[in-house]
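# Geometric and topological summary
Residue-level listing of the chains:
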Amino acid sequence: HKIVVLFIINKNNQILLEKRSLSKRIHPGVWALCEGHVGVKEDNYVAMKRELKEELGVEANQDSIKFLCKVLKKREKGSNVTFAYYMFLDKEEKDFVIQEEELSEVKWFDFYKYKNLVLNNDSSVSFSNKPSNMEMLSKIESIILSR
């Protein structure tokens, strides 16, 4: 199946993370990126815009969401393809309208703090230090450094 994931970056080069609801089956209470499944015959950009609106209350036009990379994640119980995107957004944490069934809060994280959590396989974040995740973080770091 297909998944979309979005790195939201602010002017301070922080990454927005969402704390997943404790009622979630996968990664309950863990910090994660804005992400979701792509419906059958659904366009990836449409899915990403839908997730952004549902989870965070953010309306975005397609031009503001930039393609980052495509990653195949092989798993024992079926593989998935992740389409990663990024966007720049300056908004206070309190101004996001979160989907409470999915999330309990949002927080801006320093990119390098987040990267270190991932590198160390910290259980507080959903990303692990698998090569595919590290590839995405490396691409985001390049974007941040080029700003």
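Each remark here, short or long, concerns the structure printed above.
Computed from a predicted structure; not experimentally measured.

Of note in this structure, Lys41 is not a glycine but carries a positive phi near 65°. As for its placement among the helices and strands, Lys41 is situated in the loop between strand E4 (34–37) and helix H1 (44–56). For Lys41, a relative accessible area of 86% corresponds to the exposed category. Its identity as a non-glycine residue notwithstanding, Asn121 has a phi of 50°, on the positive side.

A few words on the pairing of strand E2 (residues 14–20). Both faces of the sheet carry side chains from a regular strand, because those side chains alternate between them. With respect to burial, E2 is a largely interior element, five of its seven residues being buried. With seven bridges connecting them, E2 and strand E7 (residues 103–110) associate as antiparallel partners. Within E7, the position partnered with Glu18 by the bridge is Val106. Where E2 lies against strand E3 (residues 31–32), two bridges are found, and the strand directions are antiparallel. Residue Lys19 lies in a different strand from E3, and its bridge partner there is Trp31.

If you walk through the whole model with that rule in mind, you get eight aromatic pairs. Judged by centre distance (6.3 Å) and plane angle (80°), the ring pair of Phe7 and Phe127 falls under edge-to-face. Of the two residues, Phe7 is situated in strand E1 (residues 2–9) and Phe127 in the loop between helix H2 (111–119) and helix H3 (131–145); the sequence distance between them amounts to 120 residues. Phe127 gets classed as buried once you look at its relative accessible area, which sits at 5%. The interplanar angle of 75° and the centroid separation of 5.7 Å between the aromatic rings of Phe67 and Tyr85 together place this pair among those described as edge-to-face.

What counts and how
- Residues numbered from 1 in each chain as written.
- Predicted model: local features only at pLDDT ≥ 70, side-chain atom pairs only at ≥ 80, totals over all residues.
- Heavy atoms only, no water.
- Helix = DSSP H or I, 4+ residues; strand = E, 2+ residues; numbered from the N terminus.
- Buried < 20%, exposed > 50% of the residue type's maximum accessible area, 1.4 Å probe, protein only.
- Pairing = 2+ DSSP bridges.
- Phe/Tyr/Trp six-rings, centres within 6.5 Å; stacked < 30°, edge-to-face > 60°.

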